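# Structure assessment
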Amino acid sequence: MRKLFLFAMLLAMSHLSTQAGGYQVRLQSSRSTGMGLTGTGLQLGASSMFFNPGALSMMETKTDFSIGASGIISKISFQKTGQNLVSETNNKLSTPFYVYGAGKIGEKWAVGLAIYTPYGSSAEWESGWEGRLLIQNIALQAIFFQPTVSYQLTDKLGIGAGLVYTSGSVKLEKGLNYGPDSYVELDGSASSLGFNLGAFYTASEKLSIGVNYRSKIMMDVSGGDAKFHVPVSVGTTIPTENKFSASLPLPGNLDFGVSYQATEKLLLAAEVNWVMWGVYETLEFTFEEKGELLNSKSPREYKDTFIPRIGAEYTLNDMFTFRAGAYYDQSPTNEDYFTPETVSLDNLAFTLGVGFHPTERLSIDLSYLQISGLEAKKNYQPDNFGGTYKNAAFIPSFGLSYRF
Amino acid sequence: MKYKFLISAVLLGGLWSCQPEINEFEPSKGNADFTTYMTAGNSLTAGYADNALYKSAQENSFSKMLAEQMEFVGRQGSFKIPYINTEDGVGTGGGMLFTKLKMGFSTDCLGVTSLGPVRANPNATQQELAVLLGTPVADQGPFHNIGVPGAKVTHLLAPGYGSMNPYYGRFASAAGNAVIDEIALVKPTFFTLWIGNNDVLSYALAGGAADQITPLEGAPGVGFAASLEVVLMSFKATATAGAIANIPNITDIPYFTTVPFNIIALSDQAMVDQLNAGYAEYNGAMQQLGLDYRINFALGANPMVIHDPSILVPPGYEKLQIRQIKADELVLLSLPLDSIKCAYWGSLKPVPGAYVLDEKEITDIDNAVVGYNQAIKAAAEKYELAHVDMNAVLKQGSSGGIVMDGVSFSNTFVTGNAFSTDGVHLTPQGNALAANTFIDAINKKYNASIPKVNVAQYNAVVLP
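The structure displayed is predicted, hence computed values, not measured ones.

## Remarks on the side chain of Asn443 of chain B
Residue and element names in this part refer to chain B.
- Of note, Asn443 is situated in helix H16 (residues 428-446).
- Residue class for Asn443 comes out buried when judged on its relative accessible area of 15%.
- The residues contacting Asn443, other than those within four sequence positions of it, are Ala448, Ser449 and Ile450.

## Thoughts on unusual backbone geometry
- Across the junction of Gly141 of chain B and Pro142 of chain B, the peptide omega takes the value 0 degrees, indicating a cis bond.
- Note on placement: Pro142 of chain B falls in the loop between helix H5 (126-134) and helix H6 (166-169).
- Despite not being glycine, Leu37 of chain A shows a phi value in the positive range, around 65 degrees.
- The residue Leu37 of chain A is located in the loop between helix H2 (30-34) and helix H3 (48-51) in this model.
- The backbone of Asn447 of chain B sits at a positive phi, close to 55 degrees, despite the residue not being glycine.
- Along the chain, Asn447 of chain B falls in the segment after H16.
- Here Asn447 of chain B falls in the exposed class, since its relative accessible area comes to 58%.

## Brief notes about the environment of Ala219 of chain B
All names here are of chain B.
- The residue Ala219 is located in the loop between helix H8 (197-205) and helix H9 (224-236) in this model.
- In this structure Ala219 comes out as partly exposed when scored by relative accessible area, which is 46%.
- The contact partners of Ala219, leaving out residues within four places of it in the chain, are Ala226 and Ser227.

## A word on the pattern of salt bridges
Residue and element names in this part refer to chain B.
- Taken as a whole and judged by the stated rule, the model has 23 salt bridges over all chains.
- A salt bridge links Glu229 to Lys382, with the nearest nitrogen and oxygen atoms 2.8 Å apart. Taken together, the positions of Glu229 in helix H9 and Lys382 in helix H14 (residues 359-382) put the pair 153 residues apart, joining distant regions of the chain.
- Overall, the relative accessible area of 24% leaves Glu229 in the partly exposed class.
- With its nearest N and O atoms 3.4 Å apart, the salt bridge here joins Lys377 to Glu381. Residue Lys377 and its partner Glu381 are both found in helix H14; the two are separated by four residues, about one turn of the helix.
- For Lys377, a relative accessible area of 38% puts it in the partly exposed group.

## Re the state of the cysteines
All names here are of chain B.
- Tallied over the entire structure, the rule returns one disulfide over all chains.
- Residue Cys109 pairs covalently with Cys342 via a disulfide, S to S 1.9 Å. Torsion about the S-S bond of the Cys109 and Cys342 cystine: about 90 degrees, corresponding to right-handed handedness. Note that Cys109 is positioned in the loop between strand S4 (101-107) and strand S5 (113-119) and Cys342 in helix H13 (residues 337-342), a separation of 233 residues in sequence.

Calculation criteria
- Residues numbered from 1 in each chain as written.
- Chains lettered and ligands numbered in written order.
- Predicted model: local features only at pLDDT ≥ 70, side-chain atom pairs only at ≥ 80, totals over all residues.
- Heavy atoms only, no water.
- Helix = DSSP H or I, 4+ residues; strand = E, 2+ residues; numbered from the N terminus.
- Buried < 20%, exposed > 50% of the residue type's maximum accessible area, 1.4 Å probe, protein only.
- Contact = heavy atoms within 4.5 Å.
- Salt bridge = Lys/Arg side-chain N within 4 Å of Asp/Glu carboxyl O.
- Disulfide = S-S within 2.5 Å.

Laid out in structure tokens, this is it:
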């Protein structure tokens with residue numbers, strides 16, 4: 001039953017994957033995606049509602065609408081310690097998207113609404129794989145709604161804030177040790193509130209500096225459905241239908257970014273994201289019935305991570321811009337508590353992008369992000385399950401912006 | 001690598017096939033030659049489980065798992081097992097044949113239905129079981145797994161042993177053969193041997209009331225150590241390498257640790273008073289004889305009253321050869337619980353000694369195991385074999401427990417995952433644990449890299 005906790009960890013992992021580590025990243029602007037997912041120190045128009053609401057009041061047009069989507073193709077391979085066979089995941093394509101609309105009110109104010117999906121991971125291991133008692137598959141989805149307001153304090157300084165409403169769901173399946181057909185399905189949803197604060201400072205015509213803080217969000221799943229597929233004789237002890245609760249922290253982020261217009265055509269960006277994973281210490285599951293048998297509490301002991309990013313954008317002419325970037329993303333997981341639901345490895349990622357501007361008002365952005373997880377030996381001590389993991393993700397993105 | 005990324009970036013269509021590659025483990029035979037693997041031993045090696053020999057249990061024996069893993073390091077040809085043609089199985093005990101045990105519901109003498117081991121087919125006749133067990137399969141040999149349920153190390157040397165033990169008789173290549181005579185037919189290059197459990201277990205399973213412990217010293221066929229050497233020399237005639245496993249502490253297996261000594265539960269003061277009044281005469285007599293034995297009952301859990309013929313009483317007073325069991329003495333899983341519940345065994349009537357291991361028996365058993373394991377260790381060194389410390393594995397399993405791939409192993413009956421419904425033999429998962437223990441020892445000794453088996457892919461005790 002201890003493995004049930006993993007469920008929670010999965011959840012957490014998913015966020016984690018989103019923000020740091022794993023195969024999922026903050027794909028909240030196709031332009032940003034092309035530039036190594038920088039954005040805190042960039043003027044991204046309506047997309048700044050996610051990356052830095054402080055920049056919104058200083059956007060260059062009166063109105064900006066942006067939409068976009070990505071396709072995450074992720075793969076994980078695993079070789080258990082002392083074994084020659086390799087297990088793989090066959091993850092479904094996940095498609096995070098974003099929709100932004102923002103407009104200026106007078107000279108100093110701007111307001112907008114951002115809808116985005118920073119968490120949407122899935123992992124499906126081969127059926128009957130060696131880690132089936134830890135996890136078989138998991139899918140996490142979350143959608144964020146963020147009404148935002150931004151105010152330009154001075155010519156150079158803008159500040160902004162957004163209230164975040166999050167609605168998320170998680171579904172997972174893991175094997176139970178009552179034979180190959182025994183497993184548990186957990187299906188729950190949660191909603192919660194958080195906030196997003198940012199300040200954007202244009203130090204000179206060339207140099208901009210941004211700082212952004214996105215709060216920790218506690219996702220409290222309660223009344224989730226738990227279905228235990230167990231032999232009939234076990235069903236008298238473990239109810240086949242049950243309800244569960246669990247709490248998963250989505251960690252806070254503090255981002256510092258700068259951008260520098262090196263030449264008329266070349267824009268450079270760099271930033272560091274501080275992801276406060278340290279809040280994720282334990283994972284607890286509480287079941288409505290037979291809690292004394294099923295409840296669990298397991299250590300996770302994550303640590304904060306710092307993600308350095310660089311990006312560049314080259315403006316060829318009025319029609320085309322080209323982008324590239326890279327980042328290094330450390331795993332926040334603990335050496336002794338690394339589970340196959342949360343395959344978050346140290347990642348090195350490269351991005352490419354192109355912007356097409358058929359008119360002054362319209363931009364079409366395409367980008368491509370490739371993550372290659374560095375091979376690493378990891379162990380989940382409570383289950384004595386360890387081996388070598390390696391991951392890779394390929395993420396094409398598409399974005400459309402219309403401003404006037 | 002970076003170029004590869006860039007190319008991939010352009011060729012989006014090709015990305016789906018891009019699975020990250022891992023090559024951390026390269027199987028290697030090291031200094032051993034696994035071309036022809038052979039294994040000898042007792043019921044554990046044969047794949048006996050759930051109190052019977054049946055086909056899928058033979059398929060889930062640790063020795064078959066080892067044979068499969070050795071294919072990665074050069075094992076050739078088929079690994080022949082003398083399969084018995086039944087899933088219900090054939091077990092022996094007390095001169096009777098029966099089908100295997102499985103988990104099922106049964107109703108006790110009080111009308112209470114509960115889950116526990118029941119016979120797969122209680123209606124199977126002695127005759128049909130005898131036919132299943134007696135059907136010869138020798139023409140399918142020679143066999144690579146020559147594990148014989150019930151065999152002691154001394155038995156492996158006995159010519160014509162097949163006529164005494166039908167589990168060998170069914171696959172013996174010649175009627176007059178000893179089990180070790182089968183070895184030369186296979187000419188193994190590598191072998192495993194796990195033998196010696198029955199040399200003490202047969203005595204223990206009988207509650208110390210029948211059979212006897214094989215002495216450590218003595219000539220081949222009599223003494224443990226000398227017999228073991230004969231078996232090893234038979235293998236070493238062709239095999240250049242091998243592994244030998246030692247014996248777990250017999251008294252730590254669920255067969256001896258499941259039924260508590262204080263199983264007599266009393267909730268009625270009148271019953272307590274009645275019992276104490278009944279035993280007043282016994283207590284008085286013991287006092288007169290100057291013996292310390294007293295029988296007292298109280299509300300709650302009470303130690304069983306057992307028969308103990310070792311109590312020295314004057315002739316004619318044999319009915320005084322009873323006492324309450326001590327906390328460190330062991331009750332066998334074979335104790336009929338209905339007799340406790342409805343026939344007043346352990347309270348009004350003494351439990352027969354065959355269901356109990358007393359302190360002396362436990363000491364004898366434990367000492368024998370220590371001696372055998374010293375002989376096994378010495379033999380492993382002398383013949384330069386991998387030494388597989390199964391004793392340490394069970395010790396760990398019965399103290400803190402062992403966790404592997406999310407499976408928790410312990411010596412708890414049924415739920416401990418390691419032991420099958422007979423409390424003695426292993427589940428498929430328990431066999432996987434044993435196989436991995438062998439692999440660890442072999443890899444270490446011969447600098448080999450045999451890949452381990454996946455514990456979670458096998459079943460524990462199957463529940464209805």
